[in-house]
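Report on the structure
Listed below are the residues making up each chain.
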Amino acid sequence: MALHPQSRALLEELGEPAGPPASLDEVVATRAAARELALAGPRVGLDHVADVDADSVPCRLYRPRLGAPAALYVHGGGWVFHDLETHDAFCRHLAHVTGWALLSVDYRLAPEHPHPAGLDDLERAARWLREEGRTLRVDTGWVPGIGDSAGANLLAGLTVREPRLLDALALLYPPTDRRAELPADLENAALVRATMEWMWQVYAPGDAGELAEVSVLRAPNLAGFPPTHVVTCEHDILRDQGEQLAVALADAGVEVTGHRALGMVHSFWRQPERFDAARELVVSVGAWLDSLRARARHQ
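Notes on the structure in this doc start here. (Residues numbered from 1 in each chain as written. Predicted model: local features only at pLDDT ≥ 70, side-chain atom pairs only at ≥ 80, totals over all residues. Heavy atoms only, no water.)

Moving on, we get to the overall build of the protein. Each helix and strand in the protein was counted, giving nine helices and eight strands. Reported as C-alpha extents along the three principal axes, the dimensions of the protein are approximately 50 × 45 × 40 Å. Long-range contacts, defined as pairs at least 24 residues apart, comprise 78% of the intrachain contacts of the protein with a sequence gap of at least 6. Accessible surface, the protein as shown: approximately 12400 Å² in total, 50% of it carbon and sulfur. Taking the 28 positively charged and 42 negatively charged side chains of the protein as two groups, their mean positions are separated by 6 Å. (Helix = DSSP H or I, 4+ residues; strand = E, 2+ residues; numbered from the N terminus. Contact = heavy atoms within 4.5 Å. Areas by Shrake-Rupley, 256 points an atom, 1.4 Å probe, with all protein chains shown as cover. Lys, Arg positive; Asp, Glu negative; His and termini not counted. Charge placed at Lys NZ, Arg CZ, Asp CG, Glu CD.)

As structure tokens, this is what we get:
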């Protein structure tokens, strides 16, 4: 399928990609600009939104109602960019539409903090969430993880490290293999090969890229994964490796579903104000989580 008109509009707005940052100062400036842009946008109100300390990891709790089921949310940004503020409007939307409370994790970023810093932060936050449900006034009896792009990679890596820590995974266009070829014909301004290669390099320098908790597609045993939903974008250089993860999980006996979003480009999920497909996907991911949780409660 050709690019969806909404994808074409985004790419036209992005213009010619600039490539990876040339210095740490440029990284910091790019982060600040993204944060400023996000803070200027509208956001939906919820029953309770609060910044919390999750065992020394800064996080933000989104609670649509008292006693809501809770999920861990891990933002993308190539392990280098984005934070609680850049994903605040989307997390509010996700919690409001699905009825799920979210703990969004402000993990440490590369290049200042390469692997395993972000993954360690995620593990601490996940354990803290499971222990603090009563204090947070949310239901943590069954806790899934939801992540986009690098956040999806971190969730998959956490599951390689600690297979039973989360009860389900929703992985949106995950990078899964440091050594995988990035197809030139899928490159566009939403994510270009040079930038993705640079992100891998600063997050997992040297031999770190070979670790199973980094290149999860290369893990020798994926059988410990919980039910997993993998979403890829038709026009995304990470498409093939995301779909290969879904196949590998199925071969390992994991309950897995795959969804290729036709006409879509990288990052569409977190832009429901722009993409019809994002709004529909939020609803379907919420329904998938509800179904799994209901089944677990009756087992």
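Further remarks concern the pairing of strand β4 (residues 101-105). Judged by how many residues are buried, β4 sits mostly within the fold: five of five residues are covered. Inspection of the sheet shows strand β2 (residues 57-63) paired to β4 by four bridges, in the antiparallel sense. Following the sheet pairing, cysteine 59 is matched in β4 by valine 105. Bridging between strand β3 (residues 70-74) and β4 involves four bridges; their strand directions are parallel. Paired with tyrosine 73 across the bridge in β4 is serine 104. Regarding the hand of the β-α-β motif, the stretch spanning β3, helix α3 (residues 88-98) and β4 is right-handed. (Buried < 20%, exposed > 50% of the residue type's maximum accessible area, 1.4 Å probe, protein only. Pairing = 2+ DSSP bridges. Right-handed = clockwise from strand over helix to strand, strands pointing away.)

Relative orientation of the contacting elements α3 and helix α9 (residues 276-297) amounts to 55°, with a least axis distance of 9 Å. It follows from the interaxial angle that α3 and α9 lie oblique. Remark: the crossing between α3 and α9 carries right-handed chirality. For the pair α3 and α9, contact is made by Phe90, His93, Leu94, Val97 and Thr98 and by Val282, Val283 and Gly286, respectively. Residues that form the contact of α3 with α9 fall into these classes: five nonpolar, three polar and no charged. (Axes fitted to C-alpha atoms, helices over the stretch in contact; angles between N-to-C directions. Parallel < 35°, antiparallel > 145°, perpendicular 65-115°, else oblique. Left-handed = near helix turned anticlockwise from the far one by under 90°. Nonpolar A, V, L, I, M, F, W, Y, C, P; charged D, E, K, R; others polar.)

Read across the sheet, eight strands follow the order β1-β2-β4-β3-β5-β6-β7-β8 without closing on themselves; strand pairing throughout is mixed. Since the sheet does not close on itself, it has two edges, and those belong to β1 (48-54) and β8 (256-265), each with one partner. Averaged over neighbouring strand pairs, the angle between their axes works out to 20° when direction is ignored. The pairing of strand β7 (residues 228-235) with β8 spans seven bridges and is classified as parallel.

The next thing to look at is the side chain of aspartate 177. Within the fold, aspartate 177 resides in the loop between β6 (169-172) and α7 (193-203). The exposure class of aspartate 177 is buried, given its relative accessible area of 8%. Side-chain polar atoms of aspartate 177 contact the side chain of arginine 218, separated by 2.7 Å. Aside from chain neighbours lying at most four places away, what touches aspartate 177 is Trp200, Ser215, Leu217, Arg218 and Gln241. (Polar contact = N/O pair within 3.5 Å; in protein donor to acceptor, adjacent residues only side chain to side chain.)

Looking now at the packing of helix α4 (residues 117-131) against helix α6 (residues 150-161). At their nearest, the axes of α4 and α6 sit 10 Å apart, and the two run at 75° to each other. The pairing of α4 with α6 is recorded here as roughly perpendicular in orientation. Mapping the contact onto sequence places Gly118, Leu119, Asp120, Leu122, Glu123 and Ala126 in α4 and Leu154, Leu155, Gly157, Leu158 and Arg161 in α6. Residues belonging to the contact of α4 with α6 are distributed by class as follows: six nonpolar, two polar and three charged.

Further remarks concern the pattern of salt bridges. One pass over the full model with this rule turns up 26 salt bridges. Each of Arg43, Asp51, Arg60, Glu85, Asp88 and Arg92 takes part in salt bridges that share partners, so that together they form one network. (Salt bridge = Lys/Arg side-chain N within 4 Å of Asp/Glu carboxyl O.)

A few words on the pairing of β6. The side chains of a regular strand alternate, residue by residue, between the two faces of the sheet. Across the two faces of β6 the burial is the same, with Leu169 and Leu171 and Ala170 and Leu172 all buried. Alignment of strand β5 (residues 145-148) against β6, held across four bridges, turns out to be parallel. Each bridged residue has a counterpart across the sheet, and for isoleucine 146 the counterpart in β6 is alanine 170. For the crossover from β5 across α6 to β6, the handedness is right-handed. Bridge count between β6 and β7: four bridges; the pairing is parallel. Following the sheet pairing, leucine 171 is matched in β7 by valine 230.

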